[in-house]
Structure formats: C-alpha cells, structure tokens
Amino acid sequence: MDGGSQGPGLPETRSTCPYCGVGCGVLLRPNGAGGLAVRGDPAHPANYGRLCSKGSALGETVGLGHRLTAPRVHGVETGWDDALQLVADRFRETVAAHGPDAVAFYVSGQLLTEDYYVANKLMKGFIGSANIDTNSRLCMASSVAGHRRAFGTDTVPGTYEDLDAADLVVLVGSNLAWCHPVLHQRVMAAKQARGTRVVVIDPRRTASCDGADLHLAIAPGGDAALFNRLLCAIHAGGATDAAFLRHTEGFDAALAAARADRGETGLSEAEIAAFCRLWIGTERVVTVYSQGVNQSTSGTDKVNAILNCHLATGRIGRPGRGPFSVTGQPNAMGGREVGGLANMLACHLDLENADHRAAVRGFWRAPAMPDAPGLKAVDMFRAVGAGRVKALWIIHTNPAVSMPEADAVRDAIAGCDFVVVSDVTGATDTARLAHVLLPAAAWAEKDGTVTNSDRTISRQRAVLPAPGAARPDWAMLAEVGRRMGWTAAFDYAGPAEIFREYAALSGIAGRLGRDFDISGLSGLDDAGYDGLAPLRWPVTATREGGRFFADGAFFHEGGRARLVAVTSRAPAAQTSADHPFRLNTGRVRDQWHTMTRTGLSAKLSAHLAEPFLDIHPADAARLGLAAADLAEVTSAHGRAILRVRITDAVQPGQLFAPMHWTGETAPSGRIDALVAAATDPVSGQPESKAAVVSVRRMQAAWYGFAVSAGPIRPDCAYWALATTRQGTRAELAGREAPADWEAEARRLFDLPGADATSIIDTARGTARIALEEDGRLLAALFVSPAPVAVMRDYLAALPGTGAAGVLTGRPPKDMPDPGPVLCACFGVGINTIVAAIEARGLMSVDAVGAALEAGTNCGSCRPEIAALLARAPHREAAE
Ligand SMILES: Nc1nc2c(c(=O)[nH]1)N[C@H]1C(S)=C(S)[C@@H](COP(=O)(O)OP(=O)(O)OC[C@H]3O[C@@H](n4cnc5c(=O)[nH]c(N)nc54)[C@H](O)[C@@H]3O)O[C@H]1N2
Ligand SMILES: Nc1nc2c(c(=O)[nH]1)N[C@H]1C(S)=C(S)[C@@H](COP(=O)(O)OP(=O)(O)OC[C@H]3O[C@@H](n4cnc5c(=O)[nH]c(N)nc54)[C@H](O)[C@@H]3O)O[C@H]1N2
Ligand code: SF4
Ligand SMILES: [Mo]
C-alpha cells in the first residue's frame, strides 16, 4: 500500500493534495500521534516536489477537534444501521409516491472518482433519475459545454508540459498565482528559462499580474468580444492554418459573427492591437482560462471564442500550443469523466444518445435509466424550494454558502422534507440544516483516484485512521444502494473493485468512439491499484497519455472540429441607479472555498483574516468610505457587511469580494447572498462574477478587535473569526454599544470568573479589557468608535502568555510588529519584509529569501514580495 520512499522513522506514503486541480503529489509521513508531515513528491509529474502554501500547511488541518464522528438523525447520534436504513427508506418511499425525479443528489468535484462513480450509478441507473448534479456546475460546466461543441467530447487537448514549452501564456479570467500556484511557478520557471511572455486578461489587477508582461483590464464579460477581434486579426493577417482548417467546419460563420460583433471590451485599440500581434506572432501560445471565463452567462460562448482562435491557427495538441481550461477542484476532471453532471452519462457518454444509454444500461444491468437530462444545480435548488424535490442528499459541498442566491438556497434546503448531508464536520451552514448527517472519512483517511487538469490520474492513499464511525463516501452510497434493494450492483469490496468496473465501462465508451478510455486499467489487481503511479489517460491496449487533436481527428460525427459562431454579450444584470456597482467575486491565496479545512490552520488564516470589499479610490471618496471602514453591500437578493480596502487594483465602478466566509466564520460575509442565479443558456453555469449592488458606509456605533485562547462568541451586526496559533481572533462591530463592556467581554469569551483589567473611557467610547488567570492572559477586547487601530498580529500571539502590557495594544519598543503574515510557511510579516528591503537594500525576491527565508519554501508569496520590492523607492523587482 505504501507507494512512497522509506525515510528515517515512519515510512512516507505517496498521495495527492486535496485542494486544487493542479493535483500535486505529496509525500505523507504520519507521526504516530495523529499528526502528519507533508512534503511535495519530487517524482509527481504535476509538481516535481513543489507545493503551495495550502499544500504545505496540510498537516495543520488533520486535527480531529471539529470532526463529525457518528451519524446523527435529527441531531441525535445514532449507528450506521439506523441512519442508512432511514436514508434508503425515505428515498425509496419518495420515489414510490412521487416518481424518481422527486429525489436528487448534489455532489462535488472534490469526491474521489470511485465515490462519484457509485453516486452516479445509483441515481442514473437504479433510482432512475438524472437528478444528480455537482458543484462543478458552478465551476467547469461552461468549459465542458464549450469543449463538447468544438470537439464532440469534453477533451482537454494539452498537458502541463505545454506550459513549460510555451513562448506565450495568456491567462484569461485566471488568477493562476493564487489559485493554481504550482502551475504559476511552472510558468515563471519557463519565463526564466526561455523568456516566455505572460499576458493577464482580468478586469482586476491580481497577484498574477506581478509576473506578467501585459495586463488587459477587460470589461466584465468582454472576453468573447476580444477573442472575436483576435479571430478577425488572425484572418486579416493570413495567420490561419489552411491545412488544419480542413479538419474543421464553421470557420466562415464564426468569422462572419466575429466581424459583426460590436461588443464592449473596455480596452483601447492599441491594447487590442498589441495583444493580437503578440498572440498571432507567437507560434507556441497556450491560452489558460478559468472562472473569469466559465462563471458567466456567456461562459460557453467565451470558451468557444477562445477555442476558435486555436482551431483557426492549428495551434492545438502540439507542444507548447493549445487552449487550456484549468480545473478548480482536485477531481473536477474525474467528476466530468464519471458523468457527474446531470446531462452526462459515465465515461463521456451522452445521456441523450440512445446507443450510449443502451450501452451503459446493459453494462450496469440497470433496471431504469432516464432519457432526459436532470436538474442542473440552480434549477435543482429551485425545485427543492418549490417542493418538487422532496428528498435531497448533499455530499462533499456546502451549497448554503456557495450557490448564487445563497439565502434562498439555504431556505430551500431548510424547507425540504428530507435532507441528508455527508461531511467531515457538522459545523457548516449546510450541515446544520440536515435531517440526517453522515460522518465522512477525510482526505488522509481514504483511498481512491483523482484526475487533475491535464488528465493525469493519481492515487490518494489513506495514512490515518478515520475517527469514530466515519466512513468513505463510496461506502455510504453503496450501502444505501444495497438497502434500496440492489444488492449485487452495489456489492463492492473496496475502491479497487469500483475502479476496475469503471475502467471496463470506459472500454465500451472507447469502442463507441469516445475519448475517455482507460480500459487498459480494467485488469488492475488490488496490488496494482495500491501501487498505481500517476498516469495520463487515455490508457488502452495501444495508447497511453499524450495530447489530442494534432492529427485533426475530432469526436464529432464525421471527425471534424467545429468553430462556433459567437456574439459577445454583456453580463445579465445591468447596473442602475439602485445598484450602480458591478461586484466581482473570487478567491484568496490561502483559503479554500468555505474554509472548513484551511480555516483550521493558523498559518493560512494569517494572510487575510476577514471578508473584504476592494473598491477604487475615486468611488470610496465619493461614498465617504475610508480604509478599514465597514461597507454595507446590497443587491436585489441579499446583503453583506465587508471591510473596505481601497485599491486601484479594481476599476472605477467595480468591486471585488472573496467567496470564502460563511455563517460559521463571518455571517455577514456570505457573498453569494448577493449574487443572482442568472445562468449560461448552454451550460447552466451561474454568473458568479458579475452581480450588481449598491454600497454605503455602515453606521457602526462601535468597532472591536478580540483575541482569545479559547472560543469567541460574538453577538453583533458584524463579526469575523480567524484561527490563531494561540486560539481565535475576531473583528467585531455593532450598531449599539452594550451598557457594560466588562460584562460584555466576559460573555463574549465565556469567562465569567476571570480577573479583569479594564481601561474604559465612556466619554470617548473606548474600552480595553484583559481577562487573566494567574497572570496568564486568557483573552482581550479592544473597542473604539472608529475602526480599531492595534497591532493585530502581535496581540493575536499573546493569549496564554504573561499578560503584562497587553492593553497598550502595541508591542514594546524593542520588539517590532511583524505585520500581517505574507509568507505563510515561515510566518514572515509584511513589516519585517519591508524593513529588510529598506534597511538592507534587498533587490530581488531571492535576496529577500536569503535574508528572511520568506518565499523560499512553497513560493506562493513570491508575487507579493515582488510587489513590495516594486513599491520600494528606486528599485526594480526581479522575480
Ligand atoms: N487559494 C485557492 N485556490 C483555489 C481555490 C480556492 O478556493 N482557493 N479553489 C479552486 C477552484 S474550485 C477553482 S474553480 C479555481 C478558480 O481559479 P480562478 O478562476 O483563477 O479564480 P477566481 O478568483 O475565482 O477568478 C479568477 C479571476 O477571474 C476574474 N474575472 C472576473 N470577471 C471576469 C471577466 O468577465 N473576464 C475575465 N477575463 N476575468 C474575469 C476575477 O477578477 C478573478 O481574478 O481555483 C482553485 N484554486
Ligand atoms: N460568488 C462565488 N461563488 C462561488 C464561486 C465564485 O467564484 N464566486 N466559485 C464556485 C466554485 S468554482 C466552486 S468549486 C464552489 C465551491 O463551493 P463548495 O463545494 O460548496 O465549497 P467547499 O468548502 O469546498 O465544500 C466542501 C465541503 O465538503 C466537506 N468535506 C471535506 N472533505 C470531505 C469528504 O471527504 N467527504 C465529504 N462528504 N465531505 C467532505 C467540507 O467540510 C465542506 O463542507 O463554489 C462556487 N461558488
Ligand atoms: S497547487 Fe497547491 S493547492 Fe493546488 S494541488 Fe498543488 S499544493 Fe495543492
Ligand atoms: Mo471550482
């Protein structure tokens, strides 16, 4: 079972990082006491030993304090037998009374392939409904739809090696530096090695711009218009590949549509011309795209506008050339392969194709199979809200936070007759709404496979025991299948057996002319599965891995690719006097989605500790907003309160806010409460990046900052919690000040009996309260009528230590404040880095690394260090 090397002490096991779709290999060494040492696997082809800040901090997230350890029915712990029998009974009764479409599964691109395969088989083959959809609908659906329109299948043509071999990498709607950091490092290495140029197309200036040659601040939704301009320029400049175009159809119509497109790009003619020159003039070009493209009501058209340019020039499937949709979640790709979307069958077979349906049905010996697509995510939760879906099983995702119109989704789940949630913790917005809560084995506790962005299949391996009764997801699903009466079909001994069945089915798909064929692995025995080294599909008797399409063979009937005629469209919602701002949303470097795992790490929580709103200086001035104020943001669907950050990284009229905060960590920061559920007409993917909102300053009576060695229990209009090494820190604000701050502090920290030292100035509205026990600081609260100015990172380190001097809010003179942590791996703060740049005259990121270690482990903070160097007077940043 150990696929890794033997070092001193306990053996290391090879596995895969559970976060992003880069799919980095990791080497895991349990310490025998529940802990885990993690390093990059030098042999894994995705990362060759590199890891980002999130991967490096995995060891900090395997603690068991927050874990769900037994099934719960209506909040009461019970055994598996009762819980799963109830699930099976309720699903069977609901189907019997209301038909198969009255039930649904909502699953996740973070499930392992084996989990996903069983869920899909149970719903589509046995329950007989296509009502299984996944959070990949919010993530990859437009890329899937675009690939299928152009290629006939959902095929990613290229590989990561293309990023190493490209002379131009164009990042469209991708903040690669923060969201796929190891791929960004590969691009930066190529820049160093061969001078690869990098263009970023993003309305916002991001960390990815720091290493780029050109940033095009495109108008939100303007991508299709820009790539249509490029298609025209390709044609006008004679850069089409006539020989390759013979393998395609639709060029003339696509060109005509591109010529007629008058869509807004927000760019100057000079910028467009420079981009077209660079793209056309560089044979080895990879166009990488992500959520700025997919999460749009014109997402599928944006994808095809990009694919059109690569098809027209024949720059596809050859080294250093191609369109490249990077996947978000660790198994987003695997989920697409097993058919987790409501409109797909397993192995890239089509639900709407009768031959495909018959083949899968025969293979599964399935009693029932739907012949029409099921409900896509947005429609699924609408059907839940309307009472048409009466039994819902949510697995490995947190839709009460991450779906657009999140308040309505939360209410829909709360009102559903029967809700099952499988999660590793009960402390999520969604899990709190479950009738039946099922404890899942977590990443380091379960075996299976994942597929990353470049079709590489890697093993995830269990190295820790699952706590309490927790079980892998496939095991719960298979048990429910058996209890619903399909004993033989779900009688799996383990993931290896599921994988073999899946690989065998893919052989049928291959014979039906599909791309996804891993039939070469269908004979893998258990030992072979345990030892499986990363490999890229397809894997057949005659072929392994490689690129697709250089030979001009596509998967549409007739074998040709299709260029799609595309006309750009602005985002669905228009700004107006009521909602004058366009709200863009996305990710920060060190948090993963709804923070249930990264939020446990003090290192990762130090980078950005609360939800924020980026706003342009001109807009802030007009609204009377100062830095660190709180802003109330309102849309037609909900409201949020967020910390103001004034920055010209966003354009006037535009805002940016992160997607990560939840009812558990900052209830007023649930950003999807603001986002409308407008969807792309082809893919059904929601437009998560283009809400329209209004903004005003929150009239807070008081602002607070708190640190504690224990939990903090805020009860005020605005609060945000973050994990620290010593316990918890909190940002607070309220509309009305409590009468007695000392009593409030005791309540907040649940410390009724601790010794209090207070400095309270009622006239000025300030209060500083330290709660101690035997001279040891337990907690401290700082209150002010304006945003609290104290040295947060210094204070956050004090609980548990001697309490002297805490109430000054500042470190003693001989101990400088390091500032917010920039380098998560070595805990180096911004102030420390800036001071070293100034005092020692450091000129490069490497020099900062040599002096302070910052940026020398995972490298995720290198773009930010480069930005600090660039701001230092008279110095050039050299990455
Ligand atoms: N740190 C971290 N990394 C992650 C994740 C995480 O939660 N945290 N999640 C993973 C997942 S599931 C995903 S899907 C990926 C997402 O990875 P990315 O897509 O790179 O991340 P986002 O921040 O969602 O959005 C990317 C950019 O799109 C821009 N954008 C918005 N509107 C437009 C537009 O109209 N056109 C263009 N061209 N750009 C636009 C935004 O300004 C943003 O910078 O990240 C993965 N990696
Ligand atoms: N506004 C806005 N909204 C967005 C986006 C955006 O850019 N902007 N991005 C969208 C995208 S691309 C995505 S991918 C989604 C992500 O959104 P979600 O999928 O909702 O977010 P996660 O926090 O990843 O949820 C995963 C859940 O699974 C649980 N879990 C962890 N391990 C296991 C396990 O082994 N088994 C089980 N059963 N559960 C486990 C975690 O505790 C957590 O509750 O958000 C989407 N929403
Ligand atoms: S880039 Fe980071 S988050 Fe993504 S797989 Fe690699 S280590 Fe994990
Ligand atoms: Mo995603």
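Residue numbering note: each chain is counted from 1, following its sequence as written. All chains are assigned letters beginning at A, and all ligands numbers beginning at 1, according to the order in which they are written. Only residues with pLDDT of 70 or above have their local features reported here, since the model is predicted, and side-chain atom pairs are shown and tallied only from 80 upward, although totals for entire chains, interfaces and linings are computed over all residues. With hydrogens and water excluded, all non-hydrogen atoms of the structure serve as input to the side-chain values.

Focus: the site of ligand 1
Here comes step 1: Nearness of a residue to a molecule or strand requires only that one of the residue's heavy atoms be within 4 Å of it. In the region of ligand 1, 35 residues are neighbours, and D202, D223, S290, R587 and Q591 sit closest.
Here comes step 2: One nitrogen or oxygen atom from the side chain of D223 is found 2.7 Å from a nitrogen atom belonging to ligand 1.
Here comes step 3: Backbone polar atom of Q291 to an oxygen atom of ligand 1: 2.8 Å apart, as the coordinates give it.
Here comes step 4: Within the complex, 99% of the 910 Å² of free accessible area of ligand 1 lies under protein.
Here comes step 5: According to the grid-proximity analysis, the pocket containing ligand 1 is the second largest cavity.
Here comes step 6: Counting from the N terminus, the helices are the DSSP runs of H or I reaching at least four residues and the strands are the DSSP runs of E reaching at least two. Listed by contribution, the elements that provide at least two residues to the shell around ligand 1 are α6 (176–179), α12 (291–294) and β21 (581–586).
Here comes step 7: Where each domain starts and ends comes from a domain assignment, either automatic or drawn from a database. Counting contributing residues, the shell around ligand 1 receives three or more from each of domain 3 (141–325) and domain 4 (581–675). Polar contact is the term for a pair of N or O atoms within 3.5 Å; when the atoms are in protein, one must be able to donate a hydrogen and the other to accept it, and sequence-neighboring residues count only if both atoms are side-chain atoms. Calculation of accessible area relied on Shrake-Rupley with a 1.4 Å probe; when residues are assessed, cover is drawn exclusively from the protein chains displayed. In the cavity and pocket records, a cavity denotes points on a 1 Å grid over the protein atoms alone where a 1.4 Å probe fits but cannot get out, a pocket denotes an open set with protein on both sides within 12 Å along at least 5 of 7 lines, and lining residues are residues with an atom within 4 Å of a point. By definition, a pocket or cavity contains a molecule when more than half of the molecule's atoms lie within 2 Å of the pocket's grid points.

Side note on the packing of aromatic side chains
Working definition: an aromatic ring pair is given by the centre-to-centre distance plus the angle between the planes.
Here comes step 1: Between the rings of Phe, Tyr and Trp (Trp by its six-membered ring), a pair exists once the centres lie within 6.5 Å; its type follows the angle of the planes, with under 30 degrees stacked, over 60 edge-to-face, and the other angles tilted. Going through the model one piece at a time under the given rule, you end up with 23 aromatic pairs.
Here comes step 2: On the numbers, 5.1 Å between centres and 70 degrees between planes, the contact of F126 with F490 is edge-to-face. With F126 in helix α3 (residues 113–127) and F490 in the loop between α19 (473–483) and α20 (495–511), this pair connects stretches of sequence that are 364 residues apart. For the pair formed by F126 and F490, the shared burial category is buried.
Here comes step 3: Taking the centre distance of 6.0 Å and the plane angle of 25 degrees together, the rings of F151 and F554 count as stacked. With F151 in helix α4 (residues 141–151) and F554 in the loop between β19 (535–536) and β20 (561–562), this residue pair connects regions lying 403 residues apart in the sequence. There is no split in this pair, since F151 and F554 are both buried.
Here comes step 4: Taken together, the ring pairs in this structure connect Y117, F151, F244, W364, Y502, F516, W537, F548, F549, F554 and F555 into an aromatic cluster.
Here comes step 5: Either the NZ atom of lysine or the CZ atom of arginine qualifies as a charge over a ring when it sits within 6 Å of the ring centre and within 35 degrees of the ring normal. Lying over the aromatic face of F656, R204 brings its terminal NZ or CZ to 3.6 Å of the ring centre. Here the term buried applies to any residue with accessible area under 20% of the maximum for its type, exposed to any over 50%, and partly exposed to those in between, with areas from a 1.4 Å probe on protein chains only.

Focus: empty space enclosed by the protein
Here comes step 1: Grid points are joined across faces, edges and corners, and a volume is the space filled by probe spheres set on the points. Overall, the coordinates contain seven cavities of 30 Å³ or more when judged by the stated rule.
Here comes step 2: Computed from the structure, the largest cavity encloses a volume of approximately 630 Å³.
Here comes step 3: In terms of lining residues, the largest cavity is bounded by 39 residues, among which Q110, N135, Q329, W592 and H593 are the most central.
Here comes step 4: Mapped onto the lining of the largest cavity, the elements with two or more residues apiece are β15 (418–423) and β21.
Here comes step 5: Any residue outside Ala, Val, Leu, Ile, Met, Phe, Trp, Tyr, Cys, Pro, Asp, Glu, Lys and Arg is labelled polar, Gly included; the first ten of those are nonpolar and the last four are charged. Residues belonging to the lining of the largest cavity are distributed by class as follows: 15 nonpolar, 17 polar and seven charged.
Here comes step 6: Both domains that furnish three or more residues to the lining of the largest cavity are identified here as domain 2 (72–137 + 332–494) and domain 4 (581–675).
Here comes step 7: For the second largest cavity, the calculated volume is near 550 Å³.
Here comes step 8: Along its surface, the second largest cavity is lined by 40 residues, and G173, Q291, G292, T585 and K689 are the ones closest to its centre.
Here comes step 9: Elements represented by at least two residues in the lining of the second largest cavity include exactly α6, α12 and β21.
Here comes step 10: The greatest single-element share of the lining of the second largest cavity, amounting to four residues, is contributed by β21.
Here comes step 11: Split into classes, the residues belonging to the lining of the second largest cavity amount to 12 nonpolar, 18 polar and 10 charged.

Describing the domain arrangement of the protein
Here comes step 1: Taken domain by domain, the protein holds domain 1 (13–61), domain 2 (72–137 + 332–494), domain 3 (141–325), domain 4 (581–675), domain 5 (702–808) and domain 6 (821–871).
Here comes step 2: When each unit is reduced to the centre of its C-alpha atoms, the spacing between domain 5 and domain 6 is 31 Å.

Remarks on the sheet that holds strand β1 (residues 13–16)
Here comes step 1: Strand pairing is assigned whenever DSSP identifies at least 2 bridges connecting the two strands. Reading across from one edge, β1-β2-β3 is the order of the three strands in this open sheet, with antiparallel pairing throughout. Strands at the two margins of the open sheet, each flanked by one partner only, are β1 and β3 (36–40). The mean angle between the axes of side-by-side strands here comes to 35 degrees, regardless of whether they run parallel or antiparallel.
Here comes step 2: One ladder, built from four bridges, connects β1 with strand β2 (residues 25–30); its direction is antiparallel. Paired with S15 across the two strands is V26, which belongs to β2. Axis definition: a line fit to C-alpha positions, over the contact stretch in the case of helices; interaxial angles, taken between N-to-C directions, run 0 to 180 degrees.

A short note on the UniProt feature "domain: 4Fe-4S Mo/W bis-MGD-type" (unreviewed entry) in the protein
Here comes step 1: As annotated by UniProt and renumbered to match this structure, "domain: 4Fe-4S Mo/W bis-MGD-type" (unreviewed entry) occupies residues 10–66.
Here comes step 2: Across residues 10–66, helical content stands at 7% and strand content at 26%; the span's end C-alpha atoms are separated by 26 Å. UniProt positions are given in the numbering used here, feature names are shortened, and annotations may be inferred rather than shown by experiment.

Here's the deal with α19
Think of an α-helix as 3.6 residues a turn; residues three or four steps apart then line up on the same face.
Here comes step 1: Most of α19 is tucked away: nine of the 11 residues are buried.
Here comes step 2: Here α19 has its buried residues at D473, W474, A475, M476, L477, A478, E479, V480 and G481.
Here comes step 3: Just beyond α19, the residue with positive phi is G485, at close to 115 degrees.

Digging into the sheet that holds strand β10 (residues 214–216)
Here comes step 1: A sheet is described by the order of its strands in space; here five strands give the open sequence β10-β9-β8-β12-β13, paired in parallel fashion. For this open sheet the edge positions go to β10 and β13 (322–325), each flanked by a neighbour on one side alone. Strand-to-strand twist across the sheet, computed as the mean angle between neighbouring axes with direction ignored, equals 15 degrees.
Here comes step 2: Both strand β9 (residues 197–201) and β10 contribute to a ladder of three bridges, which runs parallel. Across the sheet, the residue bridging to I201 is L216, located in β10.
Here comes step 3: Contacting β8 (168–172), β9, β10 and β12 (285–289), helix α8 (residues 223–236) crosses the sheet at an angle of about 135 degrees to β9.
Here comes step 4: We call two residues in contact whenever any of their non-hydrogen atoms come within 4.5 Å of each other. Its contacts with the sheet put helix α13 (residues 299–313) on β8, β12 and β13, and the angle it makes with β12 is roughly 170 degrees.

A short note on the packing of α4 against α13
Here comes step 1: Between α4 and α13, the least distance of the axes is 8 Å, while the angle of their chain directions is 45 degrees. Here α13 runs oblique to α4, going by the angle between their axes. Considering the relative orientation of α4 and α13, their crossing is right-handed. Counted together, S142, S143, A145, G146, H147, R149, A150 and F151 of α4 and G299, T300, D301, V303, N304, L307 and L311 of α13 form the full contact between these two elements.
Here comes step 2: Split by residue class, the contact of α4 with α13 holds six nonpolar, seven polar and two charged. Any angle from 65 to 115 degrees is called roughly perpendicular, while one under 35 is roughly parallel, one over 145 is roughly antiparallel, and all others are oblique. Should the near helix be turned anticlockwise from the far one by less than a right angle, the crossing is left-handed, and should it be turned clockwise, the crossing is right-handed.

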